[in-house]
Amino acid sequence: MMKSEMEKDILKVLVTEEEIKARTAELGQALYEQFEGRQPLFLSVLKGSFVFLADLVRATQLKSDVEFIAVSSYENATVSSGRVRITHDLQQDITGRDIIIVEDILDSGNTLAFLKNYLLAKNAASITIVTLLDKPSRRTKAVTADYSGFVVPDEFVVGYGLDYCQKYRNIPYIGVLKPEVYAG
């Protein structure tokens, strides 16, 4: 197997590619059971969730559509600034729609708290939150995921869509980034 030039920056693997595939299939089945007979809108929070979204939508097997929203609160830092701003907004009316927010990681909760309020103000019928990763030790807002893939420790993780300075998204597993990569 070909080695990645990015692997030298990974301290350890937290979640393997195989574990992600298996858990995504389980999440897809749960969403299918919850939304069977309905046509939810999967809302991907860019950029981190696009890889997870693609696999999750295929695993769910519902008549559904996909929308994208981009928000920023990190600005190439390792910790959220706490200020959330929309950098790419919805392209359709969501009035009366069942929304499934797909997020890469639930960390502080700032982004998901903001998005939930934003979508409710736009008259969404329901909001379901699905995150690949949950880092409860960092939570500052009272937000929980309806479905979560994996609980992770308070370490800086990358891969499977998650990045540091727009890099490492294409690693097929979740790894802990070596501190010397982002320190200083």
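Counting restarts for each chain: residues are numbered from 1 in the order of the written sequence. Confidence filtering applies because this is a predicted model: local features only for residues at pLDDT of at least 70, side-chain atom pairs given and counted only at 80 or more, and all residues used for totals across whole chains, interfaces and linings. Note: side-chain values were computed over all heavy atoms of the structure, leaving out hydrogens and water.

1. Overview of the overall build of the protein chain
Heads up, the rule is: Only DSSP runs of H or I with at least four residues qualify as helices, and only runs of E with at least two residues qualify as strands; both kinds are numbered from the N terminus onward. For accessible areas, the Shrake-Rupley method is used with a probe of radius 1.4 Å. Any residue's cover is judged against the shown protein chains and nothing else. This count recognises Lys and Arg as positive and Asp and Glu as negative, with His and chain-terminal groups excluded. To locate a charge, take atom NZ for lysine, CZ for arginine, CG for aspartate or CD for glutamate.
Helices and strands together make up the secondary structure of the protein chain, namely four helices and nine strands. Going from N to C terminus, the protein chain has its helices and strands arranged as β-α-β-α-β-β-β-α-β-β-β-β-α. For the protein chain, the spread of C-alpha atoms along the principal axes amounts to about 45 × 35 × 25 Å. A total of about 9,400 Å² of accessible surface is found on the protein chain, and carbon and sulfur atoms cover 51% of it. Across the protein chain, 21 positive and 25 negative side-chain charges occur, with their mean positions spaced 4 Å apart.

2. Describing unusual backbone geometry
Heads up, the rule is: Each residue's exposure class comes from its accessible area (1.4 Å probe, protein chains only) as a fraction of the maximum for that residue type: buried when under 20%, exposed when over 50%, partly exposed otherwise.
Backbone torsion omega between Leu46 and Lys47 reads 0 degrees, so that peptide bond is classified as cis. Inspection of the secondary structure puts Lys47 in the loop between strand E2 (41-46) and helix H2 (50-60). We note that Gln61 has phi near 55 degrees; this positive angle belongs to a residue other than glycine. Tracing the sequence through the fold places Gln61 in the loop between H2 and strand E3 (65-72). One non-glycine residue, Tyr168, adopts positive backbone phi at about 80 degrees. Within the fold, Tyr168 resides in the loop between strand E8 (157-158) and strand E9 (174-177). Relative accessible area serves as the criterion here: at 9%, Tyr168 is assigned to the buried category.

3. Digging into the packing of helix H1 (residues 17-35) against H2
Our working definition: To define axes, lines are fitted to C-alpha atoms, for helices over the stretch in contact only, and angles between the resulting N-to-C directions are given on a 0 to 180 degree scale. Our angle categories are set so that under 35 degrees counts as roughly parallel, over 145 as roughly antiparallel, 65 to 115 as roughly perpendicular, and the remainder as oblique. Left-handed describes a crossing whose near helix is turned anticlockwise from the far helix through less than a right angle; right-handed describes the clockwise counterpart. Contacts: residue pairs with any heavy atoms within 4.5 Å of one another. Any residue outside Ala, Val, Leu, Ile, Met, Phe, Trp, Tyr, Cys, Pro, Asp, Glu, Lys and Arg is labelled polar, Gly included; the first ten of those are nonpolar and the last four are charged.
Close contact between H1 and H2 brings their axes to 8 Å; oriented N to C, the two are set at 55 degrees. The orientation of H1 with respect to H2, classified from their angle, is oblique. The element H1 and its partner H2 pack so that their crossing is right-handed. Along its contact with H1, which presents Thr24, Ala25, Leu27, Gly28, Gln29, Leu31 and Tyr32, the element H2 presents Phe52, Asp55, Leu56, Ala59 and Thr60. Residues of the contact of H1 with H2, tallied by class, amount to seven nonpolar, four polar and one charged.

4. Digging into the pairing of strand E5 (residues 98-106)
This is how it is decided: Should DSSP find at least two bridges between two strands, the strands are taken to pair.
Buried residues dominate E5, accounting for nine of its nine residues. As paired strands, E2 and E5 are joined by four bridges and run parallel to one another. Across the sheet, residue Ser44 finds its bridge partner in E5, namely Val102. Where E5 meets strand E6 (residues 126-134), eight bridges bridge the pair, whose relative direction is parallel.

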